[in-house]
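# An overview of the molecular structure
So you can see what is in the structure, the chains are spelled out below.
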Amino acid sequence: VRKDQFGSVIHGGVVWFFYTSGDSGLRDIKYRLSTDNGVTYGPATLLAGSSSVDEYWFDAKHWWGGCHFVFVSDAAGDSDSIAFTSAFGPSPFSIPRGISEHPPAYSSMLYIPTAITFGDTDGNLGAIWIGRDVINRRLYWDRLNASPTGVASDRNELPASHHLGQNYPNPF
């Protein structure tokens with residue numbers, strides 16, 4: 001079985017070893033987990049995979065509580081996306097979710113998305129990738145929180161007060 005890409009993350013004695021498996025059009029992303037600094041590993045576990053979607057080109061980073069993971073999800077037609085998932089310690093990864101409306105651009109140069117962690121206790125993550133609008137390739141950035149519970153609810157409230165400060169030096 002083909003393994004085009006592989007990588008690992010270690011944090012606090014937990015090691016995640018990631019790899020793609022399968023041929024183009026049928027690639028999935030799997031991982032093996034070690035909780036003893038890589039001495040032994042558990043069985044292969046599917047991280048992202050579907051019979052109608054090709055998952056590949058990934059990046060993984062550790063954060064204070066676990067591992068962040070971004071990857072390309074390449075569905076049939078024009079519905080490609082950048083997806084994100086995370087794991088807290090040795091617990092299973094969350095269900096992957098799309099993080100942008102800007103699809104990734106395909107290139108023989110291997111435009112692999114990059115995960116950026118902020119080092120905070122909230123598990124904030126950013127992702128950078130080369131994407132496309134209708135015609136052009138562009139560099140995109142998206143910041144998100146690893147946990148949906150970390151997102152403040154959208155309350156419909158008016159501010160209690162406001163203050164307009166001096167723009168110093170005033171150019172006008």
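A brief look at the structure comes next. Predicted model, so just to flag it, every value in this text is computed and none were measured. (Residues numbered from 1 in each chain as written. Predicted model: local features only at pLDDT ≥ 70, side-chain atom pairs only at ≥ 80, totals over all residues. Heavy atoms only, no water.)

## What about the nonpolar core?
Our working rule: What we call a nonpolar core is a set of buried Ala, Val, Leu, Ile, Met, Phe, Trp, Tyr and Cys residues that are connected through their side-chain atoms within 4.5 Å. In this scheme, a residue with accessible area under 20% of its type's maximum is buried, one over 50% is exposed, and one in between is partly exposed, where area comes from a 1.4 Å probe on protein chains only. Strands are runs of DSSP state E lasting at least 2 residues, helices are runs of H or I lasting at least 4, and numbering of each runs from the N terminus. Residues are treated as being in contact if the distance between any of their heavy atoms lies within 4.5 Å.
Formed by 16 residues in total, the largest nonpolar core has its most connected members in Trp16, Phe18, Phe69 and Phe93. For this core, the secondary structure elements donating two or more residues are strand S2 (14-21), strand S3 (28-34), strand S4 (45-48), strand S5 (53-63), strand S6 (66-75) and strand S7 (81-88). Not counting chain neighbours up to four residues away, the residues in contact with Phe69 comprise Phe18, Ile29, Leu47, Phe58, Asp59, Ala60, Ala83, Phe84, Thr85 and Phe93. Membership of the second largest hydrophobic core comes to 13 residues, among which are Tyr56, Trp57, Val70 and Trp129.

## Overview of a nonpolar patch on the surface
The condition is simple: Nonpolar side chains (Val, Leu, Ile, Met, Phe, Trp, Tyr) are joined into patches within 5 Å and like charges within 9 Å, using only residues with over 30% relative accessible area and no salt bridge. For every accessible area listed, the method is Shrake-Rupley and the probe measures 1.4 Å; residues are considered covered only by the protein chains on display. For this analysis, a salt bridge means a side-chain nitrogen from Lys or Arg found within 4 Å of a carboxyl oxygen belonging to Asp or Glu.
Together, Phe6, Phe17 and Tyr41 line one region of the surface with nonpolar side chains, adding up to about 310 Å² of accessible area. Tracing the backbone through its elements, the reader meets Phe6 in strand S1 (residues 6-11).

## Comments concerning the pattern of salt bridges
Pairing is possible between side chains that carry opposite charge, provided their charged atoms lie close to one another. Here the structure, examined in full by the defined rule, presents 3 salt bridges. In this structure, Asp54 and Arg27 form a salt bridge, with 2.8 Å as the shortest nitrogen-oxygen distance. In this pair, Asp54 is assigned in strand S5 and Arg27 in the loop between S2 and S3, connecting sequence segments 27 residues apart. Each of the two residues, Asp54 as well as Arg27, counts as buried.

## Overview of the sheet that holds S7
Heads up, the rule is: Being paired, for any two strands, means DSSP has found at least two bridges between them.
Spatially, S5-S6-S7-S8 is the arrangement adopted by the 4 strands of the open sheet, whose pairing is antiparallel. Looking along the sheet, the strands with just one partner apiece sit at the ends: S5 and strand S8 (97-98). Where S5 and S6 come together, 10 bridges link them in antiparallel fashion. Looking at S6, one finds that His62 is bridged to Cys67.

## Digging into the pairing of S2
The buried fraction of S2 amounts to 7 of the 8 residues, a majority that puts the element mostly inside the structure. Sheet topology note: the S1/S2 ladder contains 6 bridges and is antiparallel. Residue pairing across strands places Ser8 opposite Phe17, the latter belonging to S2. Counting the residues between successive antiparallel strands, the hairpin from S1 to S2 contains 2 residues, one of them, Gly12, with a positive phi of roughly 60 degrees. From the end of S2 to the start of S3, which pair antiparallel, there are 6 residues, and Gly22 there has a positive phi angle of about 115 degrees.

## Here's the deal with the sheet that holds S2
Our working rule: Throughout, an axis means a line fitted to C-alpha atoms (over the contacting stretch in the case of helices), and angles, computed between N-to-C directions, take values from 0 to 180 degrees.
Strand order in the open sheet made by the 4 strands is S1-S2-S3-S4, with antiparallel pairing throughout. Each end of this open sheet is capped by a strand with a single partner; those strands are S1 and S4. Taking each pair of neighbouring strands and ignoring which way they run, the sheet shows an average axis angle of 30 degrees.

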